Amino acid sequence: EALLTHPFNHLIDTLQTEKNKAKKYFNPQKLGDPKYERLPFSIRVLLEAAIRKCDGFYVKQEDVQNILNWEKLQNEAEIPFSPARVLLQDFTGIPALVDLAAMRDAVAKNGIDPNLINPKCPTDLIVDHSLQIDFSKCAIQNAPNPGGGDGHGATQRSVPGRLSSRSSQCGSSRGGCSKGSCSDAPSSSKQRCFTALKNQEMELIRNKERLQFFKWCSKAFKNVSVVPPDIGSVHQVNLEYLSRVVQESEGFVFPDSVVGTDSHTTMINGLGILGWGVGGIESEAVMLGQPVSLTLPQVVGCKLVGSISTLATSIDIVLGITKHLRQAGISGKFVEFFGPGVSQLSAADRTTIANMCPEYNATVSFFPVDETTLKHFKQTNFAEEKLEVMESYLKAVKLFRSSDDQAEDPHYSEVIEVNLNSIMPSVSGPKRPQDRVPVTCMKEDFLSCLNEKVGFKGFHIPREKQGILVPFQHEGTEYTLSHGSVVIAAVISCTNNCNPSVMLTAGLLAKKAKEAGLTVKPYIRTSLAPGSGMVTHYLNASGVLPYLSQLGFEVIGYGCATCVGNTAPLPESVVDAIKEGDLVACGVLSGSRHFEGRLCDCVRANYLASPPLVVAYAIAGTVGIDFEKEPLGLNAEGKEVFLKDVWPSKEEVQDVEEHTVVASIFRALRSRIQKGSPFWNNMDVPDSVLFPWDPKSTYIRCPPFFSKLSKEVSVPGSIDNAHALLFLGNKVTTDHISPAGSIARISAAAKYLQSKRLTPREFNSYGARRGNDAVMTRGTFASIKLQNRLIGKTGPKTLHVPSGQMLDVFEAAERYQRDGFPLIILAGKEYGSGSSRDWAAKGPYLLGVRAVIAESFEKMHKNHLVGMGIAPLQFLPGQNADSLELSGKERFSISLPEELTPQQELTVLTSTGKSFSVVTLFENEMDVAFYRHGGLLKYVARSMLQ
């Protein structure tokens, strides 16, 4: 019946397969409009979704016409997009599910059936961000107590597969694992590295409350699927298990698409699946059936030409393309790849490239489906029937690309050409991912950073102190540290593990290095956190995992660890040596984020590098090396060994890849996901419609967002006599606003947890406690790198203006709220840049922040502020806090009219008599509606009440 009244039912077509199983689909070509074939492939996906989801309410016929007229209306028209599914990871996903559970409570109190609160859009949650590195190099030391109380009961719990904590070594010295551990295939838990098992065991015990909540959600909510821990990273599982390219539902086929609560959801675009990261707030709206609202994007065509250098890896290609696109100024745009160079990239290469698009601020980096994509899915055990449907459907709707046929090239907003010949091996750092350094210039660049004044590329070390050597003892042997010494070397999960060639290159390099007699100094914190069991499997099958292990790169578990600040502490002797010499120590990691202090407070320089270069720098022990002129080290005979002597050729890597990355690996992963773990399967959870909140829990709390929910909308009044909670500068990231790493012992969050009788070793991380608003609110602006101009120094403090006292940000906000003062934040350019974090908006909201006045905002974070009912206000062009001579100590009054409109100019009056204008950054009427309702959550809940 719904199809009979569908405004585009005349576009329904039938797809016949060889097995005569007819599939229905909406065929945009039947519109008979020649503009369709000129659209970029990514825009065609948006068009199909608008046609299929057109209901006259969320999606109108006008929206379909606007997308079809993309060439004229790009960057102007606002359009809806209804993705096929939602992807959550546990750190950012738990607030969304906690909010849904709280929303059930709220509607139940208003007499509405709570069973109505369910995701309407299929939602997958992958538990991957709770892993911490408690053990590394198979050296098991005193285990931290992950539970509660006095620590005795928690450490004695029985956990399936648990190994004795009394054991001190997995094998011999320097990670030489004994038979039956690292060197065997990971098909059985008994065969896994002891290190990984110990870290996984700690993860399960430490996060039992959260895991019980996730399992309750998978049972209580319809359309929610949870992938338990110890399976793989969210990006990896999305690629290997959840991706479909073409979805089927209720007899219809349509393009797969996804939005996820992680900025690296974009990796999936490498397989021709349109997807990008959104905030937890937006994901909740999609889960509840609302489309994502976006401005019809400009699409930049990135034409790849030339041939790839022998030594260049996917990471080098990523960084090379990143540099080109960042310079092109493509913020908020789609990027679509085409040209003869695309055919040289494997599906794994493409996903690696697509993964980095947040670093140059594009929304997506899209590779249309072609023969390479089909070959990939044939290798990964897609059934022949599914492959037939996929190919037939994509060709029927012109979503399949022949890279050799230039006549298929769509029209793009602009075209950027990248010559692959020009891309050489490089690293990125020492503080920002966009600061790319050719490996050939690394030594010279690092020395330059020592000389430069403190900034993104400088540490300002006096010349007379640049050659300092600090001796120290480690495990009975004396070593020395200097500026540039590597103390952290991590091959981690979020960027590279989808690409077998990159990881195999690292493994083969380790093999050759070990055979050449090279080693890694034992004080360097080395680790290997694969994205999934598939990675461990092919490293094992290729015979290189034992060599990585012998160099210290042991599998520590599956999930995000070092990249999100979950690194185990460095040896005290190393920390003392760094502090004694005021050394610029270095971390090298194969991830995608490395802000200063994120890995470890005492490690000031951090470089992103490909996995083989992480291994190379770990062997060298310093970033101050010229690989062409200086050896990595000496072999047993005292002969110099250079990088070129141990770097594997592309032919070697491809040969190993062809023989190890096979369909059986993907079958093993799917089996592992479907079986789950004994711990997960045996976990008891309540069978109830409403979640039974535990008032004693320090992980899961019912948030106060719906505490005063009513059917009627109370119009937000003007902001009168507001104090500035913080006076911030440029590039304040979401890491500054809502840290994800460990909870400092001297912090507002620590005081709260101590009041609950938890010891510091039981604090866990902010990311793990995102389901507890009391912790997250206290953790807001708790970064040690926060630079607040109200106090003139770095740290998580602010000035309480009425009293003149310097307080923790939370304590100051609490006083302001108690005294009835609204709050604002003053900031510079690019406020809210970095990873997507909904608590970076929820936290300020619960602190009492009503508005943020900044020179510019990162778009996603600006949307989050709107979604929480915080007004994003922008200074007029050419104006900022300095030009207006604001001190931040004034009181601010902002008059808000009852009838707010997008991009409206407002007047701000200060207590000193100054006035200036700001612009509301509400993009459309929906933004205004969210703000008037007090945020998106209340908007959705009220729609249920009404």
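How each quantity is defined
Residues numbered from 1 in each chain as written. Predicted model: local features only at pLDDT ≥ 70, side-chain atom pairs only at ≥ 80, totals over all residues. Heavy atoms only, no water. Helix = DSSP H or I, 4+ residues; strand = E, 2+ residues; numbered from the N terminus. Buried < 20%, exposed > 50% of the residue type's maximum accessible area, 1.4 Å probe, protein only. Contact = heavy atoms within 4.5 Å. Phe/Tyr/Trp six-rings, centres within 6.5 Å; stacked < 30°, edge-to-face > 60°. Lys NZ or Arg CZ within 6 Å of the ring centre and 35° of its normal. Axes fitted to C-alpha atoms, helices over the stretch in contact; angles between N-to-C directions. Parallel < 35°, antiparallel > 145°, perpendicular 65-115°, else oblique. Nonpolar A, V, L, I, M, F, W, Y, C, P; charged D, E, K, R; others polar. Core = buried A, V, L, I, M, F, W, Y, C linked by side-chain atoms within 4.5 Å. Pairing = 2+ DSSP bridges. pLDDT = per-residue confidence, 0-100. Salt bridge = Lys/Arg side-chain N within 4 Å of Asp/Glu carboxyl O. 1 Å grid on protein atoms, 1.4 Å probe; cavity = no way out; pocket = protein on both sides within 12 Å on 5 of 7 lines; lining within 4 Å. Points joined across faces, edges and corners; volume = space filled by probe spheres on them. Expected span 1.5 Å × (residues − 1). Disulfide = S-S within 2.5 Å. Left-handed = near helix turned anticlockwise from the far one by under 90°.

A. Up close: the overall build of the protein. Regarding its fold elements, the protein presents 31 helices and 38 strands. Counting only residues that meet the buried cut, the protein has 62% of its 946 residues in that class. Within the protein, residue pairs in contact and separated by at least 24 positions form 74% of the contacts whose partners lie at least 6 positions apart.

B. Representation of the side chain of Thr734 in the model. Looking at the secondary structure, you find Thr734 in helix 24 (residues 734-737). Not counting chain neighbours up to four residues away, the residues in contact with Thr734 comprise Pro739, Gly832, Ser833, Gly834, Ser835, Arg837, Ala840 and His861.

C. Representation of the packing of aromatic side chains. Summed over all chains, the structure comprises 24 aromatic pairs. Summarising the aromatic geometry, the rings of Trp216 and Phe691 are spaced 5.1 Å apart at their centres and angled 65° between planes, so their arrangement reads as edge-to-face. Placement of Trp216 in helix 7 (residues 208-220) and of Phe691 in the loop between helix 23 (678-681) and strand 28 (719-727) is noted, with a sequence separation of 475 residues between them. Exposure remark for Trp216: the relative accessible area of 1% places this residue in the buried category. Pairing Phe930 with Tyr939 gives two aromatic rings, centres 5.1 Å apart and planes at 75°, and the pair type is edge-to-face. The two residues Phe930 and Tyr939 agree in class, both being buried. Taken together, the aromatic side chains of Phe213, Phe214, Trp216, Phe221, Phe691 and Trp693 make up a single cluster linked through ring pairs. Across from the ring centre of Phe254, 4.0 Å away, lies the NZ or CZ of Arg52, which sits over that ring. Over the ring of Phe456 we find Arg432; its NZ or CZ atom is 4.0 Å from the centre of that ring.

D. Here's a closer look at the packing of helix 15 (residues 500-515) against helix 19 (residues 611-620). The interhelical angle for the contact between helix 15 and helix 19, taken along N-to-C directions, is 30°, at an axis separation of 7 Å. By the criterion of interaxial angle, the relationship of helix 15 to helix 19 is roughly parallel. Residues Val502, Met503, Thr505, Ala506, Leu509, Ala510 and Ala513 of helix 15 form the contact with helix 19, whose participating residues are Pro611, Pro612, Val615, Ala616 and Ile619. Of the residues that constitute the contact of helix 15 with helix 19, the class distribution is 11 nonpolar, one polar and no charged.

E. Summary view of the nonpolar core. One finds Phe213, Phe214, Trp276, Leu725, Phe781, Tyr831 and Ile894 to be the most contacted residues of the largest nonpolar core, which totals 187 residues. Counting residues per element, this core draws most heavily on helix 4 (residues 90-109), at 10 residues. Once residues within four sequence positions are removed from consideration, Trp276 is found in contact with Leu46, Phe81, Val258, Val259, Gly260, Thr265, Thr266, Val292, Leu294, Phe334, Thr363 and Val364. Counting 75 residues, the second largest nonpolar core, distinct from the first, contains Val486, Val520, Ile524 and Val544.

F. Fine view of the sheet that holds strand 4 (residues 85-89). Strand order in the open sheet made by the five strands is 8-5-4-11-12, with parallel pairing throughout. Only two strands of the sheet have a single partner each, and these edge strands are strand 8 (224-227) and strand 12 (274-277). Averaged over all pairs of adjacent strands, the angle between strand axes in this sheet comes to 20°, irrespective of strand direction. Its contacts with the sheet place helix 9 (residues 280-287) against strand 4, strand 5 (123-126) and strand 11 (257-260), and it is angled at close to 140° to strand 4.

G. Spatial organisation of the confidence of the model for the protein. Per-residue pLDDT for the protein averages 84, and the proportion of residues at 70 or more is 86%. Across residues 138-192, where pLDDT falls below 50, the model places 111 contacts with residues more than four positions away in sequence or in other chains.

H. Region of the structure containing the pattern of salt bridges. Summed over all chains, the structure comprises 28 salt bridges. A salt bridge links Lys862 to Glu923; its shortest N-O distance comes to 2.8 Å. Of this pair, Lys862 sits in helix 29 (residues 859-867) while Glu923 sits in the loop between strand 38 (915-920) and helix 30 (925-933); the two residues are 61 residues apart in sequence, bridging distant segments of the chain. Among the charged side chains, a network of salt bridges with common partners joins Asp99, Glu284, Asp838 and Lys842.

I. Unusual backbone geometry, seen in detail. Omega for the peptide link from Gly429 to Pro430 comes to 10°, which places this bond in the cis form. Relative to the helices and strands, Pro430 is located in the loop between strand 18 (426-428) and strand 19 (436-438). Of note, the phi angle at His460 is positive, near 55°, even though the residue is not glycine. If you trace the backbone, His460 turns up in the loop between helix 14 (442-451) and strand 20 (470-474). Classification of His460 as exposed rests on a relative accessible area of 53%. In this structure, Asn721 is a non-glycine residue whose phi angle is positive, near 55°. Within the fold, Asn721 resides in strand 28.

J. Representation of the pairing of strand 31 (residues 797-800). The pairing of strand 31 with strand 32 (residues 805-808) spans four bridges and is classified as antiparallel. Across the sheet, Leu799 pairs through a bridge with Met806, a residue of strand 32. Adjacent in sequence and paired antiparallel, strand 31 and strand 32 are bridged by four residues, among which Gly804 carries a positive phi angle near 75°.

K. Summary view of the sheet that holds strand 16 (residues 364-366). Sheet architecture is open: four strands sit in the order 16-15-14-17, paired in parallel fashion. Edge positions in the sheet fall to strand 16 and strand 17 (414-419), since each of these pairs with one other strand and no more. Within the sheet, the average angular offset between the axes of one strand and its neighbour, ignoring direction, is 25°. Here five bridges tie strand 14 (residues 299-305) to strand 15 (residues 334-338), and the two strands are oriented parallel to one another.

L. Fine view of the layout of surface pockets. The calculated volume of the second largest pocket comes to roughly 1300 Å³. Along its surface, the second largest pocket is lined by 39 residues, and Arg52, Lys53, Lys120, Ser249 and Phe254 are the ones closest to its centre. Secondary structure elements with two or more residues in the lining of the second largest pocket: strand 9 (246-249), strand 10 (252-255), helix 13 (384-396) and helix 31 (936-945). A per-class count over the lining of the second largest pocket returns 22 nonpolar, seven polar and 10 charged.

M. Highlighting helix 13. Its 13 residues give helix 13 an end-to-end C-alpha distance of 18 Å, which sits within 8% of 18 Å, the value for a rise of 1.5 Å per residue. When helix 13 is considered as a whole, its buried residues turn out to be Leu387, Glu388, Val389, Met390, Tyr393 and Leu394. Residues of helix 13 that are buried make contact with strand 1 (12-15), strand 2 (23-26), helix 1 (41-52), strand 9, strand 10 and helix 12 (371-379).

N. Region of interest: helix 31. Of all 10 residues in helix 31, eight are buried, a share of seventy percent or more. Those residues of helix 31 that sit buried are Leu936, Leu937, Lys938, Tyr939, Val940, Ala941, Arg942 and Leu945. Where helix 31 is buried, its residues meet helix 4, helix 9, helix 28 (839-847), helix 29 and helix 30.

O. Here's a closer look at the environment of Glu388. For Glu388, the location among the structural elements is in helix 13. Among the residues examined, Glu388 registers a relative accessible area of 19% and is labelled buried. Through-space distance from the C-alpha of Glu388 to that of Thr17 is 7.1 Å; in sequence the pair is 371 residues apart.

P. Geometry of the state of the cysteines. By the definition in use, this model includes zero disulfides. The thiol sulfur of Cys449 is not disulfide-bonded, and the nearest other cysteine sulfur, from Cys586, lies at 9.4 Å. Cys449 sits in the buried class, given a relative accessible area of 1%.

Q. Structural view of the packing of helix 12 against helix 13. The N-to-C vectors of helix 12 and helix 13 enclose an angle of 165°; their axes lie 11 Å apart at closest approach. The orientation of helix 12 relative to helix 13 falls into the category roughly antiparallel. For the crossing formed where helix 12 meets helix 13, the hand is right-handed. Two secondary-structure elements touch here, helix 12 through Glu371, Leu374, Phe377 and Lys378 and helix 13 through Leu387, Met390 and Glu391. Considered class by class, the residues forming the contact of helix 12 with helix 13 number four nonpolar, no polar and three charged.

R. Local environment of the environment of Ile737. Here Ile737 lies in helix 24. A sequence separation of 106 residues divides Ile737 from Gly843, and the C-alpha atoms of the two residues are 8.3 Å apart. Excluding its chain neighbours within four sequence positions, the residues that come into contact with Ile737 are Val732, Gly779, Thr780, Phe781, Tyr831, Gly832, Ala840, Pro844 and His861.

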